[in-house]
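Summary of structural features
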Amino acid sequence: MERVTTPIGVPLALPLAEPATSAPATRGALIDQHGRIARDLRISLTDRCNLRCDYCMPAEGLPWQPREQHLTAEEIVRIVGVLAELGISTVRLTGGEPLLRRDLPELLAAIHAIPGIEDVALTTNGVLLERQAAALAAAGGARLNVSLDTTDREGFKAITRRDDLDRVLAGLIEARRHPELTPIKLNAVALKGVTEPALDGLLAVAASVDAELRFIEPMPLDAGHRWTPDDGLSGAELRKLLSARGEVRPLPAPASATARRFELGDSGQVVGFISSVSEPFCSSCDRLRLTADGNLRSCLFSHEEGDLRTLLRNGASNAELADRISGTVWRKPQGHGMNEPGFRPPERPMSAIGG
Ligand code: SAM
Ligand code: SF4
């Protein structure tokens, strides 16, 4: 095993070297049976969280996975190395709440060092960001998505069941001081009755930290299975509301983009919409997900997982890992099926998959 020192000077044992017994994985092999090629990996670093967002987790939390089942930083780096050989070039760290992982800066630095990984991003609720921003920046930084559904303190408490709005805002301001943590995006779940009165506050906070504001339609991934198609505001409904504040002009986007982006009025502030329910983008989806306990999923909504942790811990070679990865990707479902009769949500909630 090769031992390297990360940019922040923390030595990390990285199994970068291919075990002598295995054949090298073939670059660009991650194609599914519908012809899509996987390039983006989302890694859940933990299923735990310090908030309890109503559309995600019950107030009492969930039965957390035992920590020994979570992949270690070294195991994550090994898997990302194999995936990078297979053509993955962008990585997003998420959870649960990724800033709860004490080894996050070391892991971030190690992922930056993997050949083939060109872009690293982080999705966080921002509660611990003020304290950790400097360490994350020193570890090579990341594009940052901070989740914030309202800037109203009581509204924030009602959604997240915690009184932490000020910490999130302080985290955003601190992140803004570190160029390594840009660009910043503010992600709001578009909820009927919550988002309409929150629009102006969200636009103002986004502008103040130079962030793009994005609205995400709620999906049937809440642990309580209480989601209904009527919970959310569609991108079209939100654009109608925004048009009362000025012209909403579409911006060009690559065909593979998940967000439709628009420019607002005279300010030119950019707002994006991720409308997975009303405007699914499954046909161009290039994502894979690795759960905190080491299972590979080809779709948020798959019912199949490729167990990489057991393989790894039983001493599998990189070629054996690559085999399981390619098989899991090959069987990626054609679409999420949310709008079809008989739709069955996945067994894991969003927080245990990695959003
Ligand atoms: N805890 C971090 C956070 O909230 O940013 C990262 C994990 S969270 C699961 C990732 C994203 O998923 C957040 O932006 C959150 O708002 C979103 N999310 C959670 N549950 C959702 C649901 N049922 N539908 C749509 N988005 C959801
Ligand atoms: Fe935690 Fe993120 Fe889920 Fe909210 S959305 S409960 S912050 S994992």
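Along each chain, numbering runs from 1 in the same order as the chain's sequence is written. To read the labels, note that chains go from A and ligands from 1, taken in the order they are written. The predicted origin of the model limits local features to residues at a pLDDT of at least 70 and limits the giving and counting of side-chain atom pairs to 80 or more, whereas totals for whole chains, interfaces and linings rest on all residues. Side-chain numbers here rest on the full set of heavy atoms in the structure, without hydrogens or water.

Moving on: the overall build of the protein chain. When helices and strands are counted, the protein chain shows 10 helices and 14 strands. A compact globule built from 355 residues would reach a C-alpha radius of gyration of about 20 Å, and the protein chain, at 20 Å, matches this within 12%. Dimensions of the protein chain, computed from the C-alpha atoms along their principal axes, are close to 65 × 50 × 40 Å. Note on classification: 1.4 Å probe, protein chains only; a residue is buried when its accessible area is under 20% of the maximum for its type, exposed when over 50%, partly exposed between these limits. Taken across its 355 residues, the protein chain has 55% of its residues classed as buried. Secondary structure elements follow DSSP: runs of H or I of four or more residues count as helices, runs of E of two or more count as strands, with numbering from the N terminus. Atoms counted for the radius of gyration: C-alpha only. Globule rule: 2.2 Å times the number of residues to the power 0.38.

Mapped onto the fold, Ala322 is located in helix α9 (residues 318-330). With relative accessibility at 7%, the residue Ala322 sits in the buried group. Remark: the alpha-carbon pair of Ala322 and Glu85, spanning 237 residues in sequence, is separated by 9.0 Å.

Turning next to the pairing of strand β3 (residues 40-44). Judged by how many residues are buried, β3 sits mostly within the fold: 5 of 5 residues are covered. Covered by surrounding structure in β3 are Asp40, Arg42 and Ser44 together with Leu41 and Ile43, the residues of both alternating faces. Alignment of β3 against strand β4 (residues 90-94), held across 5 bridges, turns out to be parallel. For Asp40, the partnering residue across the bridge sits in β4 and is Thr90. In this view, the connection linking β3 to its parallel neighbour β4 by way of helix α1 (residues 73-85) has right-handed handedness. Note that β3 and strand β12 (residues 287-290) share 4 bridges and pair parallel. When DSSP locates at least two bridges between a pair of strands, those strands are taken to pair. Here a crossover is taken to be right-handed if, once the strands point away from the viewer, the path from the first strand over the helix to the second is traced clockwise.

This part is about the sheet that holds strand β8 (residues 212-216). Judged by pairing direction, the sheet is mixed, and its 12 strands sit side by side in the order β9-β10-β11-β8-β7-β6-β5-β4-β3-β12-β13-β14 without closing on themselves. Strand pairing shows two members of the sheet lacking a second neighbour, β9 (248-250) and β14 (306-307), which therefore form its edges.

What follows is about the site of ligand 1. If a single non-hydrogen atom of a residue is within 4 Å of a molecule or strand, that residue counts as near it. Close to ligand 1 lie 16 residues, the nearest being Tyr55, Gly96, Thr124, Ser147 and Met219. Here a nitrogen atom of ligand 1 and a backbone polar atom of Tyr55 are 3.0 Å apart. One nitrogen or oxygen atom from the main chain of Gly96 is found 3.0 Å from a nitrogen atom belonging to ligand 1. Accessible surface area values rest on a Shrake-Rupley calculation with a 1.4 Å probe, where residue burial reflects the displayed protein chains alone. With the chains in place, 94% of the 540 Å² that ligand 1 exposes on its own is no longer accessible. Each residue receives one of three labels: charged for Asp, Glu, Lys and Arg, nonpolar for Ala, Val, Leu, Ile, Met, Phe, Trp, Tyr, Cys and Pro, and polar for the others, Gly being one of them. Of the residues that constitute the shell around ligand 1, the class distribution is 6 nonpolar, 8 polar and 2 charged. Whenever a nitrogen or oxygen atom comes within 3.5 Å of another N or O atom, the pair is scored as a polar contact, on the condition that within protein one atom can donate a hydrogen and the other can accept it, and that pairs from neighbouring residues in sequence are kept only if both atoms are in side chains.

Before going further, it helps to spend a moment on the site of ligand 2. Taken together, Cys49, Leu51, Cys53, Cys56, Gly96 and Asn125 make up the full set of residues adjacent to ligand 2. Residue composition of the shell around ligand 2, by class: 4 nonpolar, 2 polar and no charged.

Another point: the pattern of salt bridges. Two side chains carrying opposite charge are able to pair once their charged atoms lie near each other. The term salt bridge refers to a side-chain nitrogen of Lys or Arg lying within 4 Å of a carboxyl oxygen of Asp or Glu. Tallied over the full model, the rule gives 24 salt bridges. The shortest N-O distance in the salt bridge between Asp164 and Arg167 comes to 3.7 Å. On the basis of relative accessibility, which here comes to 13%, the residue Asp164 falls in the buried class. Since its relative accessible area comes to 37%, Arg167 is described here as partly exposed. Here Asp210 makes a salt bridge to Arg176, at a shortest N to O gap of 3.6 Å.

Any pair of Phe, Tyr and Trp rings, taking the six-membered ring for Trp, is counted once the centres come within 6.5 Å. Such a pair is stacked with planes under 30 degrees apart, edge-to-face with planes over 60 apart, and tilted for the rest. Inspection of the entire model under this criterion finds 3 aromatic pairs. Consider the rings of Phe262 and Phe273, whose centres lie 5.6 Å apart with planes at 75°: the pair is edge-to-face. Placement of Phe262 in strand β10 (residues 260-264) and of Phe273 in strand β11 (residues 269-274) is noted, with a sequence separation of 11 residues between them. Each ring, one from Phe301 and one from Phe343, has its centre 5.8 Å from the other, and the planes form 65°; the classification is edge-to-face.

Take the nonpolar core next. Side-chain atoms within 4.5 Å link the members of a nonpolar core, which is a set of buried Ala, Val, Leu, Ile, Met, Phe, Trp, Tyr and Cys residues. In terms of nonpolar packing, the biggest core is built from 83 residues, with Ile43, Leu93 and Phe215 touching the most fellow members. For this core, the element with the highest residue contribution is α1, accounting for 8 residues. Any two residues whose heavy atoms approach within 4.5 Å are treated as being in contact. Beyond its immediate sequence surroundings of up to four residues, Phe215 is in contact with Ala188, Ala190, Thr195, Leu199, Leu202, Leu238, Val271, Gly272, Phe273 and Ile274. Grouped together as the second largest cluster of nonpolar side chains are 9 residues, Leu221, Trp227, Leu300 and Met338 included.

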